[in-house]
Amino acid sequence: FNMVRVRNSLPGGFLDQRLNQVRHGVQDADATMVLFTRPIGAISKAPILLIILIAGIYFAVDFFGSNGRLAASAKHSVFEARHMRFTVLATRSPELVQDPVSISKFGALLHGCEVELAPGYTIELKHHSSSIFLSLVSLSQVSPALFKANGYSLTTHASAGLAGDPVRWVVHWSSHQTKQPQSIPETDWILQAASGCVFGLNDLGCLPRPAIRYQLSDVRNKLHKFDLSSPWFMYVGTLIVYLPIVFGCLLGALVGIMGFTEGSRALLAINFWVPGVLEVVTALGMIMHDRDYPQTSSLLTLYWWVLGVSSMVFGGIIQFKDMYFTHYIPFHFLLTLVGLNVHNKYIIRERGFEVPFSPAITFIFWIVFLLSRQRVLRRTVNTIRADKDCYDMAWKAVAEQPEQLAACMQLDSITQEFDVKARPQQRMPFRTSAWSLAASGSLDSMSAMTPLFMPDSHNLEVVAGNPWFSTMIFTPTLLNQTPRICSLDQLYIQAAVLEPLFLDKVNSIAQASSGMFLFRNQSSGHTSSNNVVSTSEVIAGMEGDALTHTHSLSLSLSHTPGSQLIRYVSWDDPQHVQRMRSGQGILIKSVDRIIEKLTRSYHGDVAVILDLVRQCIVFDTVTDILGAIQFMCKDPDIQVHRIKNRLSTSYDASLFGYRDILVNCCITSKTARQLRLSGHVCELQLILRQFMDHRTLEGHQRYVEFRNMRCE
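Reference entry: report on the structure contained in this document. From a predicted model like this one, the values you see are computed outputs, not experimental measurements.

Some details on the pattern of salt bridges
A complete count under the given rule lists 24 salt bridges for this structure. Arginine 92 is the partner of aspartate 165 in a salt bridge, and the nearest nitrogen-oxygen pair spans 3.6 Å. Residue aspartate 165 is located in the loop between strand 8 (151-156) and strand 9 (166-174), and its partner arginine 92 is located in the loop between strand 2 (83-91) and strand 3 (103-110); the two are separated by 73 residues in the primary sequence. A salt bridge links aspartate 611 to lysine 589, with the shortest nitrogen-to-oxygen separation between them at 3.1 Å. A residue pair is termed long-range when its members are at least 10 positions apart, and aspartate 611 in the loop between helix 20 (591-600) and strand 20 (614-619) and lysine 589 in the loop between helix 19 (574-581) and helix 20 qualify at 22 residues. Assigned by exposure class, aspartate 611 and lysine 589 land together as buried. What you see here is one network of salt bridges that share partners, running through Arg38, Glu262, Arg265 and Asp322.

A short note on the packing of helix 9 (residues 242-257) against helix 10 (residues 261-288)
Close contact between helix 9 and helix 10 brings their axes to 7 Å; oriented N to C, the two are set at 170 degrees. In terms of their interaxial angle, helix 9 and helix 10 are classed as roughly antiparallel. Two secondary-structure elements touch here, helix 9 through Pro244, Ile245, Gly248, Cys249, Leu251, Gly252, Val255 and Gly256 and helix 10 through Gly263, Ser264, Leu267, Leu268, Ile270, Asn271, Val274, Pro275 and Leu278. A per-class count over the contact of helix 9 with helix 10 returns eleven nonpolar, six polar and no charged.

Digging into the pairing of strand 5 (residues 121-128)
One ladder, built from eight bridges, connects strand 5 with strand 6 (residues 131-138); its direction is antiparallel. Residue pairing across strands places tyrosine 121 opposite serine 138, the latter belonging to strand 6. Counting the residues that bridge the hairpin from strand 5 to strand 6 gives two residues, and of these serine 129 lies at a positive phi of roughly 55 degrees.

Comments concerning helix 13 (residues 357-383)
Over its 27 residues, helix 13 extends 39 Å from the first C-alpha to the last, a length consistent with the 39 Å expected when each residue adds 1.5 Å. Burial in helix 13 covers these residues: Pro359, Ala360, Trp366, Phe369, Ser372, Val376, Leu377, Thr380 and Thr383.

Quick word on the environment of aspartate 227
Tracing the sequence through the fold places aspartate 227 in strand 13 (residues 223-227). Counting along the chain gives 77 residues from aspartate 227 to asparagine 150, while the straight-line C-alpha distance between them is 6.6 Å. In terms of polar contacts, aspartate 227 uses its side chain to reach the side chain of serine 229, at 2.9 Å.

Some points on the nonpolar core
Core analysis: the largest hydrophobic core is formed by 71 residues, its most contacted members being Leu488, Ile617, Ile625, Ile661 and Leu686. Looking at this core, the element that brings in the most residues is helix 18 (residues 488-512), giving twelve residues. Setting aside chain neighbours within four positions, we find isoleucine 661 in contact with Leu411, Ile625, Ile629, Ile643, Lys644, Asn645, Arg646, Leu647, Leu684, Gln685 and Leu686. If you look at the next biggest cluster of nonpolar residues, it comprises 59 residues, including Ile245, Val246, Ile318 and Ile329.

What about the side chain of serine 311?
By the element assignment, serine 311 lies in helix 11 (residues 302-320). Filtering out sequence-adjacent residues up to four positions away, serine 311 remains in contact with Phe272, Trp273, Gly276, Glu279 and His332.

Brief notes about the sheet that holds strand 5
In space, the five strands of this open sheet follow the order 5-6-2-9-10, with antiparallel pairing throughout. Only two strands of the sheet have a single neighbouring strand rather than two, namely strand 5 and strand 10 (190-194). On average, each strand axis in the sheet is tilted by 20 degrees relative to the strand beside it, whichever way the strands run. Sheet topology note: the strand 2/strand 9 ladder contains eight bridges and is antiparallel.

The rules we used
- Residues numbered from 1 in each chain as written.
- Predicted model: local features only at pLDDT ≥ 70, side-chain atom pairs only at ≥ 80, totals over all residues.
- Heavy atoms only, no water.
- Salt bridge = Lys/Arg side-chain N within 4 Å of Asp/Glu carboxyl O.
- Helix = DSSP H or I, 4+ residues; strand = E, 2+ residues; numbered from the N terminus.
- Buried < 20%, exposed > 50% of the residue type's maximum accessible area, 1.4 Å probe, protein only.
- Axes fitted to C-alpha atoms, helices over the stretch in contact; angles between N-to-C directions.
- Parallel < 35°, antiparallel > 145°, perpendicular 65-115°, else oblique.
- Contact = heavy atoms within 4.5 Å.
- Nonpolar A, V, L, I, M, F, W, Y, C, P; charged D, E, K, R; others polar.
- Pairing = 2+ DSSP bridges.
- Expected span 1.5 Å × (residues − 1).
- Polar contact = N/O pair within 3.5 Å; in protein donor to acceptor, adjacent residues only side chain to side chain.
- Core = buried A, V, L, I, M, F, W, Y, C linked by side-chain atoms within 4.5 Å.

Here it is as structure tokens:
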């Protein structure tokens with residue numbers, strides 16, 4: 001038996017490589033349903049890519065635009081004024097009048113230094129009531145220009161007592177043209193700073209908080225400088241944080257359009273976890289510089305921690321666990337919403353209800369897609385309504401016959417022994433040591449078949465890249481039992497070799513239980529296939545299980561049937577025998593459909609594909625099906641792992657109406673064990689003739705449309 005010929009019938013790693021390109025599994029599915037079943041596949045859908053691209057353009061304009069965040073940050077909280085006003089709200093001693101008598105000088109600062117005045121201009125200070133006015137005065141008749149500032153200074157009077165030092169105050173500015181600043185209307189004064197200041201969540205500027213007290217130094221004639229520009233960590237949290245969002249969205253959309261799904265996913269994950277890291281850095285910066293910036297108390301970091309950690313988790317979900325993507329969107333929104341409003345109400349206490357912008361936009365899109373998903377689900381029900389009615393009528397006819405119903409009850413008692421929830425997995429039957437293989441002679445026979453083995457004094461390894469042998473590593477020590485199969489190429493090779501063994505067992509089951517097989521005569525047209533790989537093998541001569549069938553194993557990537565006439569035949573029907581020998585009866589599942597199932601439902605886990613090797617037997621009565629299952633349970637060469645009984649009276653067939661029995665089993669004959677295929681799980685479908693009659697070509701096309709719409 002030349003295993004190498006079977007292995008070489010498919011390019012090495014071709015199927016695994018195709019599986020990793022997720023777009024192949026969802027290209028026919030509805031975009032909305034893809035988002036809720038396999039979100040990474042949605043990256044290949046045009047509507048999703050368009051939304052991501054529009055989001056990237058929006059954030060780019062918001063960041064780089066003429067009035068965007070970058071332009072605003074360039075001003076460093078600079079304002080242009082003709083007048084500034086310092087107003088005392090409270091002093092150290094509550095009994096004293098709110099009078100700035102202890103302040104000898106009030107000045108304007110730009111980047112920590114006194115404002116430089118152009119020639120011909122001077123600064124004039126005026127005291128009025130509880131305020132000090134600073135005005136730019138022209139020494140000529142020319143109207144005074146504007147001065148730029150982003151800070152202010154206070155100097156305490158050398159002879160004033162401590163009790164008169166202000167502890168709460170506000171600072172305003174105005175560009176009003178007048179020589180009498182005390183006459184400027186209150187509406188023309190703009191609040192710029194106060195005794196307390198907190199940095200906002202979305203703004204670089206300092207947010208005035210006059211309710212916060214600030215105590216000046218006890219040293220007299222002391223200059224106090226107040227810089228209103230933002231520290232470095234605020235630039236990180238409110239400005240730099242948008243750069244990965246801009247480039248992540250734009251590049252992610254472009255890479256997705258080019259078909260590189262994994263690259264697009266990585267870039268979209270950057271949209272979340274990199275900003276999350278920057279937000280955590282902002283929180284740490286606040287804590288580290290709490291002494292330099294008294295206004296950045298540790299409580300102000302609460303929202304930064306919440307937003308940062310949640311964003312990093314979100315990015316990790318996109319990159320590694322995309323199946324939880326749609327579940328995390330509402331949680332992320334609610335978490336940031338609560339964190340923001342707790343911050344506003346209980347920490348800074350001067351802002352009303354707010355909604356976090358980016359999480360809110362994501363949440364709105366989630367709501368839209370959720371509603372669209374419900375609409376698609378309603379459409380799918382209408383697509384198969386006629387087929388469901390037919391299946392319901394067929395089941396009603398079965399249930400009305402007492403003997404059939406009694407057989408269903410017996411089926412229930414048998415199938416209950418097999419846990420439907422305990423899903424079997426595709427595994428190699430065992431791993432063994434090089435020494436035991438050599439002792440049995442198996443190693444010599446395998447080495448003669450292929451040069452892939454590389455003997456060594458201590459171990460014997462299979463060359464990497466050959467999926468058929470990739471799970472077998474021979475060492476002098478007994479290795480773990482039943483390793484899972486992780487390669488789709490390896491699974492298809494096993495299916496090609498195991499199919500004849502499975503067909504023989506199916507023949508035995510059908511003969512023992514009056515089973516029949518579906519036979520389609522093509523009245524016009526012919527089967528055409530693209531990318532077909534065929535191998536012919538005569539499997540015989542192995543001790544105990546000689547096989548007499550010659551099969552042409554055909555793995556097709558596409559199949560176009562002509563019009564067909566359906567009838568049911570026994571296994572030894574001459575036309576059926578000829579059909580099997582020509583390879584037309586081989587029912588190895590198509591590559592496209594397997595990749596769809598793996599991508600849409602199983603997240604690429606090859607080991608859970610159980611219906612690659614499959615056959616279907618048709619029966620006239622439930623009693624015949626009962627006989628088939630009893631025969632299988634008694635056959636020593638068949639190991640039944642699971643029975644999915646859809647003929648049970650308790651089975652819920654309200655969605656589709658279709659009923660049958662699915663048996664997942666392994667062939668454990670001596671030949672299968674010698675070929676190391678006794679761990680490969682096959683699927684045998686046992687179906688009543690009444691249900692098979694309704695499985696027309698048109699009905700199957702409607703079912704394909706149904707599962708594509710639902711992304712199943």
